[in-house]
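Single-letter residue listing:
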Amino acid sequence: MLDGRLRSWPDRVLPGLAALGGMAAPANLVVFVFVMTGMVYATQRGGNPAIQTPVDALYFTVTSLTTTGYRDITVPGRADGRSRSSS
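In this report, the structure presented in the accompanying data block is examined. Please read all numbers here as calculations on a predicted model, not as lab measurements.

## A look at helix α4 (residues 24-44)
With 21 residues, α4 ought to run about 30 Å at 1.5 Å a step, and its terminal C-alpha atoms sit 30 Å apart, in line with that. Buried residues of α4: A24, V33, T37, V40 and Q44, and no others. Positive phi appears at G46, one or two residues downstream of α4, with a value of about 90°.

Here you go:
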C-alpha cells in the first residue's frame with residue numbers, strides 16, 4: 001500500500017520528467033554544467049586573467065567536475081587558490 005505511493009511520487013510531482021524517460025540524468029547534467037559555467041564566468045571574469053571567455057569558464061568547469069586536474073587555471077585566493085580548485 002505505502003510502497004506503491006512512494007514509487008509513483010516522482011510521476012505526480014514532476015510529470016515532465018517521466019516524458020524524458022532515460023534522458024533525465026543526461027539532461028540534468030548538461031543543465032548543471034552550463035549553470036556552473038555561467039557562475040564561473042560571472043564571478044571570475046575580470047579578476048582571473050585565465051578566464052576571459054565563456055569557453056575558458058566551460059573548460060574550468062568540466063576540468064573541475066571530472067577531477068582531471070590542471071595547473072593552467074586556478075581560482076585566486078589563499079594558497080594561490082589551489083586548495084579550492086582541486087578536489
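## Concerning helix α5 (residues 54-66)
Under the 1.5 Å per step criterion, the end-to-end length of α5 is 18 Å for 13 residues, consistent within 8% with the ideal 18 Å. Within the span of α5, buried status applies to A57, F60, T61 and T63. The first or second residue beyond α5 is T67, which carries a positive phi of 50°.

## What about the packing of α4 against α5?
At a minimum axis separation of 8 Å, α4 and α5 run at an interaxial angle of 120°. In terms of their interaxial angle, α4 and α5 are classed as oblique. Helix-helix and strand crossings are classified by hand; for α4 and α5 the assignment is right-handed. Contact with α4, carried on its side by F32, V33, F34, M36, T37, V40 and Y41, involves P54, A57, L58, F60, T61, V62 and L65 of α5 and no other residues of that element. Residues that form the contact of α4 with α5 fall into these classes: twelve nonpolar, two polar and no charged.

## Digging into the environment of M36
With respect to the element layout, M36 can be found in helix α4. With a relative accessible area of 27%, M36 lands in the partly exposed category. Sequence separation of M36 and A57 is 21 residues, and the distance between their C-alpha atoms is 8.7 Å.

What counts, and at which threshold
- Residues numbered from 1 in each chain as written.
- Predicted model: local features only at pLDDT ≥ 70, side-chain atom pairs only at ≥ 80, totals over all residues.
- Heavy atoms only, no water.
- Helix = DSSP H or I, 4+ residues; strand = E, 2+ residues; numbered from the N terminus.
- Expected span 1.5 Å × (residues − 1).
- Buried < 20%, exposed > 50% of the residue type's maximum accessible area, 1.4 Å probe, protein only.
- Axes fitted to C-alpha atoms, helices over the stretch in contact; angles between N-to-C directions.
- Parallel < 35°, antiparallel > 145°, perpendicular 65-115°, else oblique.
- Left-handed = near helix turned anticlockwise from the far one by under 90°.
- Contact = heavy atoms within 4.5 Å.
- Nonpolar A, V, L, I, M, F, W, Y, C, P; charged D, E, K, R; others polar.

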